[in-house]
Structures are given as C-alpha cells and as structure tokens.
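Here is how the chains run, residue by residue.
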Amino acid sequence: MSQGPSLGIDIGGTKTHGVLLDASGRVLADQVRPTMKGADGVLSTARAVVDDCLREAAVDRSQLAGVGVGVPGQVDHLTGVVRTAVNLGIDHLELGALLSADLGVDVRVDNDVKAAARGAAQALDVQGADLTYVNIGTGVAAATLVAGRVVRGEGNLAGEIGHVPVVPDGERCACGQRGCLEALVGGGRIAARLALIDPPLALPTLVAQATRGRLEAIAELDRIAGGIATAVQLVVLTQGSARVVLGGGVIHATPGLVDHVRRMLELRAAESDFLASLHLPGRVVVLPSGYPVAAIGAALVGRAGSGATRPAPVG
C-alpha cells in the first residue's frame with residue numbers, strides 16, 4: 001500500500017477547505033477558497049484547492065495515496081455521485097469520477113458531516129466509540145458513529161436533521177418545507193435576521209450584547225441556542241450517543257453560544273425528570289475552533305485502505 005500523502009477536501013456552502021496529510025498524519029498544506037456554486041463551480045473550486053495544497057507542499061499528484069471529499073447533500077459514498085445539495089446548487093454531479101479522472105488517483109466522496117464525524121472521533125481519540133457530530137453552519141446536519149462505524153441509512157441519508165420541521169408555520173426552508181431546523185439556526189438565516197435589527201447584530205458579539213441586556217440580542221440568542229438544544233435532544237433520543245460534538249461556522253463564530261445551549265438543556269431538564277435522566281448538557285463536546293475537523297475527516301475517507309497512519313488526536 002502507498003504511504004504517500006492523502007488530501008482531504010471539505011466543500012461547504014461558503015468555503016472549500018483542503019488539507020494535505022503525510023503518512024504520519026502531519027499537516028503539509030492547508031488551503032481555503034470561496035465555494036463557487038453549481039456543479040461546474042463546485043468542481044472547479046475542488047480542483048483549485050487540490051492544486052493549492054499540492055503547490056504549498058511541493059507534492060506531485062502522482063505521489064498522492066488518495067483523495068477524500070466531504071460534500072453536503074445526498075451522497076452515494078460507493079459511486080461518488082452527489083445529488084440534491086441545495087446549498088451548493090447541485091442536482092447531480094459525478095464528483096468522484098470527474099475528480100479521479102482529473103487527478104489520476106482514487107477519489108472517495110462522502111457526505112461532509114459523515115466525514116467530519118470521523119475527524120471528530122479521531123480528534124477525541126474515540127474511534128471505536130459512539131458519537132454524533134452535529135454541524136451548525138450554512139446547513140444543519142448530523143452524523144452518527146456506532147462503535148466507530150458510520151450510520152448511513154438508505155441512500156446514505158441518515159442525519160439530515162436540518163430538514164426536520166421544529167417550528168409550526170415557521171420560515172420557508174430551502175428544501176421547500178416550513179419551520180425546519182436549518183431555517184431556524186442555519187448560518188445564512190441567522191445572518192439575515194441579525195442584519196434586519198437596528199443597529200444590526202453579529203454572531204461574534206451576540207452573547208456579549210445579550211449579557212449587557214440588549215433585548216434583541218437576548219431574543220435571538222435564546223432562539224439560536226434553543227434550536228441547537230433541540231438538535232442535541234433529537235440526536236440523543238434517536239441515536240443514544242454518549243457524545244454530541246457541536247461544530248460548524250455558527251458554533252465557532254459565536255463565543256459563549258455553547259454555554260447557552262447547555263443552560264437551555266439544563267432548563268428543560270429542570271422541568272422533565274426524563275430529560276434530567278439523560279444528562280444532556282454533559283454529553284455536549286466542542287472541538288478547538290482551529291482544528292479542521294471536516295477536512296481531516298475527508299482525508300481519513302481518502303486514505304481508507306491506504307495503510308497510512310491516522311492524524312494524531314487533539315490534546
């Protein structure tokens with residue numbers, strides 16, 4: 001088996017993040033580009049990030065042990081085909097085959113959050129344990145590992161909790177439903193709501209503004225934290241995960257938000273002996289904001305079967 005470097009590409013709704021890992025798991029290159037929308041745009045962005053990483057590390061494509069891609073939407077991890085990625089404007093894209101033909105190396109594609117769950121397990125050094133990773137970013141989704149194995153469901157669809165309606169007659173979601181979790185706590189929807197407030201609010205200062213008593217900030221913080229708390233409840237009640245790792249742009253852009261989520265869970269537990277018995281606040285975990293969990297997870301997808309050493313865990 002090749003012991004060459006492996007490359008992971010995390011394609012998000014706003015940015016595409018690539019990392020190149022050597023056989024020992026050391027990061028050789030780390031590159032980010034804005035994501036261009038549509039099938040052609042996503043493919044062009046991925047190609048550019050690959051070239052950026054190889055250029056930074058002075059590595060030739062022929063040296064790669066493998067490439068892994070994490071991308072939102074309905075992903076066939078066996079064929080590398082991406083369907084219905086609404087936040088990327090993709091209806092159908094044979095991403096794995098097209099990138100593989102370009103690079104001359106095996107390319108494995110998986111749902112971005114499922115890839116990130118692998119990265120989270122690696123970061124916490126719990127690869128064989130039960131864990132759910134919940135991404136609160138442009139989109140909202142979850143991925144569960146049971147004894148280290150990804151829960152996939154029919155069509156690799158398991159974990160699309162962002163499209164579970166939680167607010168009756170709420171805002172219209174990109175999926176066409178109303179009141180979805182993603183319409184409540186997805187990054188784009190939050191930014192749009194904050195921009196309408198006069199003067200506007202922003203996620204980096206939202207908790208500070210709420211602490212100072214600004215009523216609009218308190219209301220929005222409660223709204224966001226309540227939605228994320230519901231996501232935590234949802235995955236614990238459906239999957240029973242001992243750890244719920246929160247990640248994504250909304251989490252890392254908002255200092256103090258996770259503490260508020262835990263307080264929301266504590267308040268709910270105070271009114272329900274059943275919820276109290278689940279110890280939900282203690283299950284919530286957050287990785288360091290600088291750890292590229294999704295890109296690292298994609299690299300792990302790419303090096304599957306390569307025999308290369310995994311990245312070192314965080315801490």
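Everything discussed here concerns the structure shown above.
Residues numbered from 1 in each chain as written. Predicted model: local features only at pLDDT ≥ 70, side-chain atom pairs only at ≥ 80, totals over all residues. Heavy atoms only, no water.

Asker: Break down the pairing of strand β4 (residues 66-71) for me, with residues and values.
Answerer: In terms of burial, β4 is a largely internal element, six of the six residues being buried. Direction of pairing for strand β1 (residues 6-11) relative to β4: parallel, over a ladder of five bridges. Looking across to β4, one finds that Leu-7 is bridged to Val-67. Direction of pairing for β4 relative to strand β8 (residues 107-111): parallel, over a ladder of five bridges. Paired with Val-69 across the strands is Val-109, a residue of β8. (Buried < 20%, exposed > 50% of the residue type's maximum accessible area, 1.4 Å probe, protein only. Helix = DSSP H or I, 4+ residues; strand = E, 2+ residues; numbered from the N terminus. Pairing = 2+ DSSP bridges.)

Asker: Any details on the sheet that holds strand β2 (residues 15-21)? Residues and values, ideally.
Answerer: Read across the open sheet, the five strands follow the order β3-β2-β1-β4-β8; overall the sheet is mixed. The outermost strands of the open sheet, each flanked by one partner alone, are β3 (27-34) and β8. On average, each strand axis in the sheet is tilted by 15° relative to the strand beside it, whichever way the strands run. Of the strand pairs in this sheet, β1 and β2 are connected by six bridges, and their pairing is antiparallel. The residue of β2 that forms the bridge with Ser-6 is Leu-21. Seen against the sheet, helix α2 (residues 95-103) touches β1, β4 and β8 and runs at an angle of roughly 150° to β8. Against the sheet, helix α3 (residues 112-124) contacts β1, β4 and β8, and its axis sits at roughly 100° relative to β8. (Axes fitted to C-alpha atoms, helices over the stretch in contact; angles between N-to-C directions. Contact = heavy atoms within 4.5 Å.)

In short, shape yes, function no, at least from these values alone.
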